Amino acid sequence: MKKLALLIIAVIIGTYTADAQIGGLIQKAAKKAQQKTEEKIIDKTSEKVSDAVTDQISGEEASEDPAYETDESAPLTYEGLMRQMPPLPSAQQMVSYKKAELGGQGLRQISSPVMKFQMTILDLSSKAYTIPVQGADSAQIVEDAYKYAEMYTGLSKEEIDMLSKMSEEEQEAYLAEHYQEGQAEAVLLQQAAEVGEELEPLQPIIDQWSSFDDRIANINKEADAQCKAIYGKYEQQLKKAEGNDEARNKILLKYYEEVAPIIHDAIINCNKIRLDEQLPVAMELEEQIIPIRQRHPNAITALLNYPQLTAIQYFTETLRVMDVPEYPESNE
């Protein structure tokens, strides 16, 4: 069923919702449905999207790197947004910011260009979610939001309005009692059946798009192996320093100084693949998926937006510039 693994994504992201409360209800319903249907219709792509959306946005001061361009006047397209991403921080800048963080130098962190970088990434990522509905009538967006909320929850518009005024705890309690078991699952499976045959011819292109994910995964796997080997040199020191944050942070920083260039280069290589190779394939897929969406309007959230997914992954991959990967018990 891999070819049908195009469900829930936009529901999780909330792309087609104009109201945050409605979007939250749809997300809860999708989560319930996913628990029962993921083995049938969800593959590793959906997992990556969910992770990408929930990961922390971070970054640092830009370095001079001709592989990245900044164009504030670019149109609101996925490629335009991707090309507006600031240059990735250098390995030295990554270490400098991490030193300030581990040293509790809050003012230095606040004044650092990394703050501007991470806010820019956050802004570009949020814009990527709005592209499908830019220029759309706001009233129609709200109407569609209600339609999808009703479809995925089995709740009426009146119930949804009532829930939007409740606290998070009250919403959870109400849904637990009134949520129509199997409603979202049935909708998702019906949508899969509706569009499955039309998506079948696109599978070779989908596989091509996925092949770039495999290449990127291999790059990250190799980088991870190098970082893990270096971590092994510091593991015992880190263990001995447990309970002494200052001492442990100094050791952690020494380790990070060694792995930062590895992380930096891996991100550069991954982002280049996303922009130069995967995005064109994603755009080709989108051209063929648009008419399918038009023929199946009720299944609009079931059809994955590949250019959007590519752009979001492109941005979120930069988040690793602030990660300090650790591998407890790496030598065992």
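Keep in mind it's a predicted model, so treat the numbers as computed, not measured.

## Let's talk about the overall build of the protein chain
Helices and strands together make up the secondary structure of the protein chain, namely 14 helices and zero strands. Secondary structure elements of the protein chain occur, N-terminal to C-terminal, as α-α-α-α-α-α-α-α-α-α-α-α-α-α. Out of the 332 residues in the protein chain, the part that is buried amounts to 48%. Within the protein chain, counting contacts between residues at least 6 apart in sequence, those at least 24 apart form 82% of the total.

## Points about the packing of aromatic side chains
Under the definition given, this model contains five aromatic pairs. With centroids separated by 4.9 Å and ring planes inclined at 75°, the aromatic side chains of tryptophan 209 and tyrosine 306 adopt a geometry described as edge-to-face. In this pair, tryptophan 209 is assigned in helix H12 (residues 203-240) and tyrosine 306 in helix H14 (residues 306-316), connecting sequence segments 97 residues apart. Judged by relative accessible area, which is 3%, tyrosine 306 ranks as buried.

## Regarding helix H7 (residues 113-130)
Taking 1.5 Å as the rise per residue, H7 with 18 residues should run 26 Å; its terminal C-alpha atoms sit 26 Å apart, in good agreement. Where H7 is concerned, the buried positions are Val114, Phe117, Gln118, Ile121, Leu124, Ser125 and Ala128. Each buried residue of H7 sits inside an arc of 125° when the element is viewed along its axis, so together they form one side. Opposite its buried face, H7 presents the exposed residues Lys116 and Met119, each directed more than 90 degrees away.

## Comments concerning helix H5 (residues 91-102)
Taking 1.5 Å per residue as the helical rise, H5 with its 12 residues ought to reach 16 Å, and the 16 Å between its terminal C-alpha atoms agrees with that figure. Within the span of H5, buried status applies to Ala91, Gln93, Met94, Val95, Tyr97, Lys98 and Ala100. If you follow the buried residues of H5, they end up packed against helix H6 (106-111), H7 and helix H13 (245-295). Within two residues after H5, glycine 104 carries a phi angle of roughly 65°, on the positive side.

## A closer look at the nonpolar core
Counting residues in each nonpolar core, the largest one holds 44 residues, and the members touching the most others are Met82, Cys227, Tyr255, Tyr256, Val259, Ile263 and Phe315. Contributions of two or more residues to this core are made by helix H4 (78-83), H5, H7, H12, H13 and H14. Broken down by element, this core gets its largest block of residues, 14 residues, from H13. If sequence neighbours within four positions are ignored, methionine 82 has contacts with Arg274, Leu275, Leu279, Thr310, Ala311, Tyr314 and Phe315. Core analysis: the second largest hydrophobic core is formed by 18 residues, Val195, Ile206, Phe212 and Val281 among them.

## With respect to the environment of glutamine 134
Considering the arrangement of structural elements, one finds glutamine 134 in the loop between H7 and helix H8 (138-153). Among the residues examined, glutamine 134 registers a relative accessible area of 42% and is labelled partly exposed. For glutamine 134 and leucine 76, which are 58 residues apart along the polypeptide, the C-alpha to C-alpha distance reads 8.8 Å.

## Examining the side chain of lysine 98
Mapped onto the secondary structure, lysine 98 falls in helix H5. With a relative accessible area of 5%, lysine 98 lands in the buried category. For lysine 98, the side chain forms a polar contact with the side chain of glutamate 101, separated by 3.1 Å. Ignoring sequence-local partners within four residues, the contact set of lysine 98 consists of Leu253, Tyr256, Met322 and Val324.

## Topic: the packing of H12 against H14
Viewed as axis vectors pointing N to C, H12 and H14 meet at an angle of 5°, and their least axial separation amounts to 12 Å. Here H12 is positioned roughly parallel relative to H14, judged by the angle of their axes. Residue-level contacts link Ile206, Trp209 and Asp213 of H12 to Tyr306, Leu309, Thr310 and Gln313 of H14.

## Considering the pattern of salt bridges
If you walk through the whole model with that rule in mind, you get 12 salt bridges. In this structure, lysine 272 and aspartate 276 form a salt bridge, with 2.9 Å as the shortest nitrogen-oxygen distance. One end of the pair, lysine 272, and the other, aspartate 276, are both in helix H13, four residues apart, so they sit about a helical turn from each other. Take lysine 272: its relative accessible area is 48%, and that puts it in the partly exposed class. Residue aspartate 276 is classed as partly exposed on the basis of its relative accessible area, which comes to 39%.

## A few points about the confidence of the model for the protein chain
Overall, the predicted model of the protein chain reaches an average pLDDT of 74, with 68% of residues at or above 70. Helix H1 (residues 9-13) is the least confidently modelled element of the protein chain, averaging 34 in pLDDT, while H12 averages 95, the highest of any element. Between residues 1-70, whose pLDDT stays under 50, and residues either more than four places distant or in other chains, the model counts 171 contacts.

## With respect to the environment of tyrosine 78
Tracing the backbone shows tyrosine 78 in helix H4. On the basis of relative accessible area, tyrosine 78 is assigned to the buried category, the value being 8%. Residues tyrosine 78 and threonine 310 lie 232 residues apart in sequence; the distance between their C-alpha atoms is 8.5 Å. The residues contacting tyrosine 78, other than those within four sequence positions of it, are Ala128, Ile131, Pro132, Asn305, Pro307, Gln308 and Ala311.

Thresholds applied
- Residues numbered from 1 in each chain as written.
- Predicted model: local features only at pLDDT ≥ 70, side-chain atom pairs only at ≥ 80, totals over all residues.
- Heavy atoms only, no water.
- Helix = DSSP H or I, 4+ residues; strand = E, 2+ residues; numbered from the N terminus.
- Buried < 20%, exposed > 50% of the residue type's maximum accessible area, 1.4 Å probe, protein only.
- Contact = heavy atoms within 4.5 Å.
- Phe/Tyr/Trp six-rings, centres within 6.5 Å; stacked < 30°, edge-to-face > 60°.
- Expected span 1.5 Å × (residues − 1).
- Arc of directions from axis to C-beta.
- Core = buried A, V, L, I, M, F, W, Y, C linked by side-chain atoms within 4.5 Å.
- Polar contact = N/O pair within 3.5 Å; in protein donor to acceptor, adjacent residues only side chain to side chain.
- Axes fitted to C-alpha atoms, helices over the stretch in contact; angles between N-to-C directions.
- Parallel < 35°, antiparallel > 145°, perpendicular 65-115°, else oblique.
- Salt bridge = Lys/Arg side-chain N within 4 Å of Asp/Glu carboxyl O.
- pLDDT = per-residue confidence, 0-100.

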